Amino acid sequence: MKYIIAIIKPHRLEAVREALANLGVEGMTVSEVKGHGRQKGHTEIYRGAEYVVNFLPKVKVEIAVTEDLADKVVDTIREAAQTGQIGDGKIFVLPVEKTVRIRTGETDRDAL
C-alpha cells in the first residue's frame, strides 16, 4: 500500500476531488495548510501598506491506496492540479506498513 500526500493550490481541490472520484478513490483527508517553495511568498498591499506574505495558502490532500493504484492516482492528481504556474505543488508517495479499520478490525487492503 502507498500513502500519497499532495500539496496543491486551493482552487484546484474540486478538480482533484472529481478526478479521483472518477478513478474510484473513495476516501481522502483534506487540510488547509500554509507554506512556500521556490516562489518564497510575495508582497501585497493592504490599506495602503505593503507587506510580505511568506507563507501562501495551500491544501494538503492525503490518500491511502493499494500499490497497483498508486501511479494512476499520482498521475490523476498531477493532471487535475496542474496550472503551469509556479506554486502548483508537490506529490509525495510513502510506503504504508499496515492499515487497520478501527470499527471492524479489518486490516491492510480490506481496511481501505
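Everything in this summary refers to the structure shown in the same document.

Parameters at a glance
- Residues numbered from 1 in each chain as written.
- Predicted model: local features only at pLDDT ≥ 70, side-chain atom pairs only at ≥ 80, totals over all residues.
- Heavy atoms only, no water.
- Helix = DSSP H or I, 4+ residues; strand = E, 2+ residues; numbered from the N terminus.
- Buried < 20%, exposed > 50% of the residue type's maximum accessible area, 1.4 Å probe, protein only.
- Contact = heavy atoms within 4.5 Å.
- Pairing = 2+ DSSP bridges.
- Axes fitted to C-alpha atoms, helices over the stretch in contact; angles between N-to-C directions.

1. Here's the deal with the overall build of the chain
Counting secondary structure elements, the chain contains two helices and six strands. Secondary structure elements of the chain occur, N-terminal to C-terminal, as β-α-β-β-β-β-α-β. Summarising its shape, the C-alpha atoms of the chain cover approximately 55 × 25 × 20 Å along the three principal directions. Across the 112 residues in the chain, those meeting the buried criterion constitute 29%. In the chain, 69% of the contacts between residues at least 6 apart in sequence involve partners at least 24 apart.

2. Side note on the sheet that holds strand E5 (residues 56-65)
Strand order in the open sheet formed by four strands is E2-E5-E1-E6, with antiparallel pairing between adjacent strands. Edge strands, defined here as strands with exactly one partner in the open sheet, are strand E2 (29-35) and strand E6 (89-95). Here the average twist between neighbouring strands, direction ignored, is 20°. Bridge count between E2 and E5: seven bridges; the pairing is antiparallel. Bridging from a neighbouring strand, Val30 pairs with Val61 of E5. Here helix H1 (residues 13-23) sits on the sheet in contact with strand E1 (2-8), E2 and E5, set at roughly 10° to E5. Lying over the sheet, helix H2 (residues 67-81) contacts E1, E5 and E6, oriented at roughly 5° with respect to E1.

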